[in-house]
Amino acid sequence: MRKWTIPSALLLLCLLSLISDQGQNLHANAESDSQNPVDPPKVEEKLGAVPNGLSTDSDVAKREAESISKRSLRSNAQKYEFQAEVSRLMDIIINSLYSNKDIFLRELISNASDALDKIRFLALTDKEVLGEGDNTKLDIQIKLDKQNKILSIRDRGIGMTKEDLIKNLGTIAKSGTSAFVEKMQTNGDLNLIGQFGVGFYSVYLVADYVEVISKHNDDKQHVWESKADGAFAISEDTWNEPLGRGTEIRLHLRDEAGEYLEESKLKELVKKYSEFINFPIYLWASKEVDVEVPADEDESSDEEEKSESSSEEEEESEKGEDEDTEEKPKTKKVKETTYEWELLNDVKAIWLRNPKEVTDEEYTKFYHSLAKDFGDDKPLAWSHFTAEGDVEFKAVLFVPPKAPHDLYESYYNTIKSNLKLYVRRVFISDEFDELLPKYLNFLKGLVDSDTLPLNVSREMLQQHSSLKTIKKKLIRKALDMIRRIADEDPDEAKDKDKKDVENSGDDEKKGQYAKFWNEFGKSIKLGIIEDAANRNRLAKLLRFESTKSDGKLTSLDQYISRMKSGQKDIFYITGPNKEQLEKSPFLERLKKKGYEVIFFTDPVDEYLMQYLMDYEDKKFQNVSKEGLKLGKDSKDKELKESFKDLTKWWKDVLASENVDDVKISNRLDNTPCVVVTSKYGWSANMERIMQSQTLTDASKQAYMRGKRVLEINPRHPIIKELRERVVNDPEDESVKQTAQLIYQTALMESGFMLQDPKDFASRIYSSVKSSLNISPDANVEEEDDVEETETKETADTSKNDADTDTSDVKDEL
């Protein structure tokens with residue numbers, strides 16, 4: 001017992017002394033605090049977040065230590081495998097050699113904005129979903145942890161349930177993923193990522209471990225985490241501070257991504273990509289302020305020495321000051337670093353501003369933010385306007401510089417809209433297909449109405465009568481905007497106005513309409529088919545090449561200005577390409593007489609011309625169909641009479657070929673004959689298009705095929721000679737064979753497909769025999785039948801091969 005007495009006594013004395021010292025310190029601190037009350041920290045005043053939502057105290061740091069240091073998935077979490085498409089996508093992103101890694105921040109901010117839009121929309125009909133207190137503040141917060149290399153992005157949006165985390169971050173049910181992967185493999189432009197709905201995975205450009213903490217009103221708080229190694233894990237969050245509602249994404253940055261821990265870099269990226277996001281974006285930023293602190297004794301003594309060397313008048317004045325300073329302790333100002341939330345996007349919504357006050361650069365930045373298109377190209381045009389009357393709204397429309405990759409895929413089967421609808425600055429939806437017709441779905445922009453009701457469902461709003469008025473005005477403004485591109489393009493100006501436009505010095509607009517047409521011309525054509533009310537206005541936007549356009553695009557107005565006197569019809573021809581059409585026999589007489597013919601080479605043009613019947617009181621005439629009028633020829637009646645026997649005979653010979661008639665042609669010059677179709681039937685080009693359709697019904701096509709008419713050139717020597725042969729012996733089989741061959745040749749030259757290519761080939765070979773003076777009865781020489789016998793050399797080779805195979809098998813064994 002004596003061995004433990006002395007140590008126990010010493011231990012007890014030490015404990016008593018420590019307790020007394022701490023009591024004295026606490027008492028001293030209490031006295032100093034009572035004399036100098038301290039203001040609450042500025043951070044808590046301006047936090048603007050869920051209380052302590054992004055703060056890191058010692059307890060939180062302790063709980064997170066293991067996860068941060070090892071960057072490993074938590075052991076108690078449920079493990080999942082990524083969908084194959086996602087793994088493929090992430091592999092491309094993670095191993096990307098491209099330098100533009102900045103896009104990850106714009107994608108996360110864009111996703112946060114979408115989540116905030118969703119909760120704000122739900123709050124229109126149920127205000128309780130927002131909760132209370134700081135949860136009602138809809139903003140985006142960015143915070144840095146330089147010590148642990150963590151970048152956090154937090155929003156108070158709708159949040160995600162456990163199922164949402166699995167579905168949204170582990171699988172992608174969009175075909176856009178495959179499209180993006182293909183685009184990446186071809187041109188490697190990471191800027192495309194935002195257009196395919198796979199933007200979240202860009203985080204792995206800069207991070208090797210990511211945590212997504214999310215809380216939905218209908219579920220508990222969960223954590224999604226992944227190291228991008230083909231797996232992710234989800235667990236209920238019991239260690240982080242409650243979010244209240246929303247999502248926080250923590251990026252554990254790679255060593256080479258240290259620049260994203262600098263406030264200046266983040267401010268630059270937000271300014272560049274997310275300036276026009278419709279929610280405030282805050283950064284937990286450092287700030288240096290001047291703070292008064294007690295001055296040191298050494299400094300005060302130096303001041304006293306200086307004061308002694310001053311003049312008597314100064315000494316008297318200092319005495320008065322000394323009396324005051326005796327009451328207050330001497331202080332000095334020093335720089336101290338504090339932290340507070342700094343607003344990064346204080347730009348007012350651009351559509352609410354006066355268009356005259358918005359610069360071209362601001363419109364371009366707004367377009368890039370709105371369309372998630374962060375290339376270097378500016379939009380081709382924009383229209384910013386305010387509509388007043390029964391329905392009041394503000395709108396901004398943009399013509400993108402390039403067409404989306406899938407603009408015309410499943411055109412009639414998908415509902416797409418690139419317009420965002422706001423009601424009193426509240427985002428409602430971007431899925432209103434009634435705001436613009438399908439053919440204008442390539443336009444980007446937004447509409448903000450003050451007259452539409454807020455407290456109704458999207459389905460009811462879709463049927464609201466005001467939408468029809470908005471749609472009508474948007475179409476008119478959109479078409480005016482597109483036409484303005486042409487009016488301001490020097491290449492589009494008429495000869496008399498060309499000098500004035502060129503002298504304006506605006507080279508940037510040169511060739512802009514040709515660029516628009518190459519990207520979106522098909523949409524204008526679809527508009528002519530679908531929108532009867534605006535058909536004439538859309539027709540003014542049509543562009544095409546012609547026999548007189550010198551390889552440049554021309555318009556219908558320019559075509560009419562070049563029409564010959566007395567010309568009543570607008571001539572055109574359809575076909576697979578311009579090069580083939582330029583050699584078409586249908587153009588021979590038209591070119592010789594100086595008529596201009598339009599080339600239509602797009603498959604949709606065949607459907608287009610079924611709806612565009614006339615323009616400016618001028619009828620359209622397909623030069624490969626019946627009804628072509630080029631003025632009256634005084635010799636027409638004489639020619640018809642002199643070739644009457646031939647045409648009647650030829651029609652009888654072609655009875656099996658479904659030829660409706662044989663006539664004298666007024667469109668040929670150097671070609672003996674062509675095959676034309678009836679005015680309202682399919683042209684040869686249309687037949688070719690329909691036959692190439694995968695699910696076409698051949699039995700039904702017969703009803704739409706036009707009646708075929710063989711038109712002959714009475715001035716051609718072949719036709720003249722054929723007439724003489726028929727007059728001499730109409731039953732001559734060789735003449736009939738020649739007539740059949742001429743018709744089949746004309747059929748091919750006119751763009752039709754032969755029903756029996758074998759028959760045509762046989763006639764050609766018979767004609768070749770005749771020209772070479774070979775007897776028609778001459779047969780092909782038969783080949784001698786020789787029995788195949790195995791030679792010694794072949795047998796030896798086979799044996800060697802067998803030996804080799806055996807040795808290979810032995811080696812494998």
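Residues numbered from 1 in each chain as written. Predicted model: local features only at pLDDT ≥ 70, side-chain atom pairs only at ≥ 80, totals over all residues. Heavy atoms only, no water.

In the nomenclature of an unreviewed UniProt entry, the protein is known as Endoplasmin homolog of Manihot esculenta. UniProt annotates the protein under Sequence similarities (unreviewed entry) with the comment "Belongs to the heat shock protein 90 family." Per its UniProt entry, the protein bears the Subcellular location (unreviewed entry) comment "Endoplasmic reticulum lumen". (UniProt positions renumbered as here; feature names shortened; annotations may be inferred.)

S.K.: I'd like a description of the nonpolar core, backed by residues and values.
M.R.: In terms of nonpolar packing, the biggest core is built from 78 residues, with Val399 and Leu474 touching the most fellow members. Looking at this core, the element that brings in the most residues is helix H13 (residues 466-487), giving 10 residues. Formed by 50 residues, the second largest nonpolar core is a distinct cluster that contains Phe82, Val212, Ala285 and Leu344. (Core = buried A, V, L, I, M, F, W, Y, C linked by side-chain atoms within 4.5 Å. Buried < 20%, exposed > 50% of the residue type's maximum accessible area, 1.4 Å probe, protein only. Helix = DSSP H or I, 4+ residues; strand = E, 2+ residues; numbered from the N terminus.)

S.K.: Could you give an account of the side chain of Arg154, naming the residues involved and the relevant values?
M.R.: As for its placement among the helices and strands, Arg154 is situated in strand E3 (residues 150-155). Buried and without a salt bridge, Arg154 has Glu248 as its closest oppositely charged side chain, separated by 5.2 Å. At 3.0 Å, the side chain of Arg154 and the backbone oxygen of Leu243 are in polar contact. (Lys, Arg positive; Asp, Glu negative; His and termini not counted. Salt bridge = Lys/Arg side-chain N within 4 Å of Asp/Glu carboxyl O. Polar contact = N/O pair within 3.5 Å; in protein donor to acceptor, adjacent residues only side chain to side chain.)

S.K.: Lay out the pairing of strand E19 (residues 618-622) in plain terms, naming residues and giving numbers.
M.R.: Relative to E19, strand E16 (residues 569-574) is paired through 4 bridges, and the arrangement is parallel. Considered in E19, the bridge of Tyr572 is made with Asn622. Sheet analysis places strand E18 (residues 614-615) next to E19, joined by 2 bridges and oriented antiparallel. Bridging from a neighbouring strand, Asp614 pairs with Lys619 of E19. In textbook terms, the turn of a hairpin is the stretch between consecutive antiparallel strands, and for E18 and E19 this stretch comprises 2 residues, one of which, Glu616, has a positive phi near 50°. (Pairing = 2+ DSSP bridges.)

S.K.: An account of a nonpolar patch on the surface is requested, with residue identities and associated values reported.
M.R.: A cluster of nonpolar residues, Ile764, Tyr765, Val768, Leu772 and Ile774, forms a patch on the protein surface that exposes about 460 Å² of accessible area. Tracing the sequence through the fold places Val768 in helix H27 (residues 757-771). The class for Val768 is partly exposed, based on a relative accessible area of 38%. (Patch = residues over 30% accessible without salt bridge, like charges linked within 9 Å, V, L, I, M, F, W, Y side chains within 5 Å. Areas by Shrake-Rupley, 256 points an atom, 1.4 Å probe, with all protein chains shown as cover.)

S.K.: Any details on the packing of helix H26 (residues 733-749) against H27? Residues and values, ideally.
M.R.: At a minimum axis separation of 10 Å, H26 and H27 run at an interaxial angle of 125°. Accordingly, the angle class assigned to the pair H26 and H27 is oblique. In the crossing of H26 with H27, the sense of the turn from one axis to the other is left-handed. Of H27, the residues touching H26 (which contributes Gln737, Gln740, Leu741, Gln744, Thr745 and Met748) are Asp759, Phe760, Arg763, Ile764 and Ser767. Split into classes, the residues belonging to the contact of H26 with H27 amount to 4 nonpolar, 5 polar and 2 charged. (Axes fitted to C-alpha atoms, helices over the stretch in contact; angles between N-to-C directions. Parallel < 35°, antiparallel > 145°, perpendicular 65-115°, else oblique. Left-handed = near helix turned anticlockwise from the far one by under 90°. Contact = heavy atoms within 4.5 Å. Nonpolar A, V, L, I, M, F, W, Y, C, P; charged D, E, K, R; others polar.)

S.K.: Quick one: what's the story with the packing of aromatic side chains, residue by residue and with numbers?
M.R.: Under the definition given, this model contains 20 aromatic pairs. With 6.5 Å between their ring centres and 55° between their planes, Trp382 and Phe398 make a pair best called tilted. Here Trp382, found in strand E10 (residues 381-387), pairs with Phe398, found in strand E11 (residues 393-399); they are 16 residues apart in sequence, far enough to count as distant. Owing to a relative accessible area of 0%, Phe398 belongs among the buried residues under this scheme. An aromatic cluster is present here, built from Trp351, Tyr363, Phe366, Tyr367, Trp382, Phe398 and Tyr422 joined pairwise through their rings. The ring of Phe643 is capped by Arg723, whose NZ or CZ atom sits 4.3 Å from the centre of that ring. (Phe/Tyr/Trp six-rings, centres within 6.5 Å; stacked < 30°, edge-to-face > 60°. Lys NZ or Arg CZ within 6 Å of the ring centre and 35° of its normal.)

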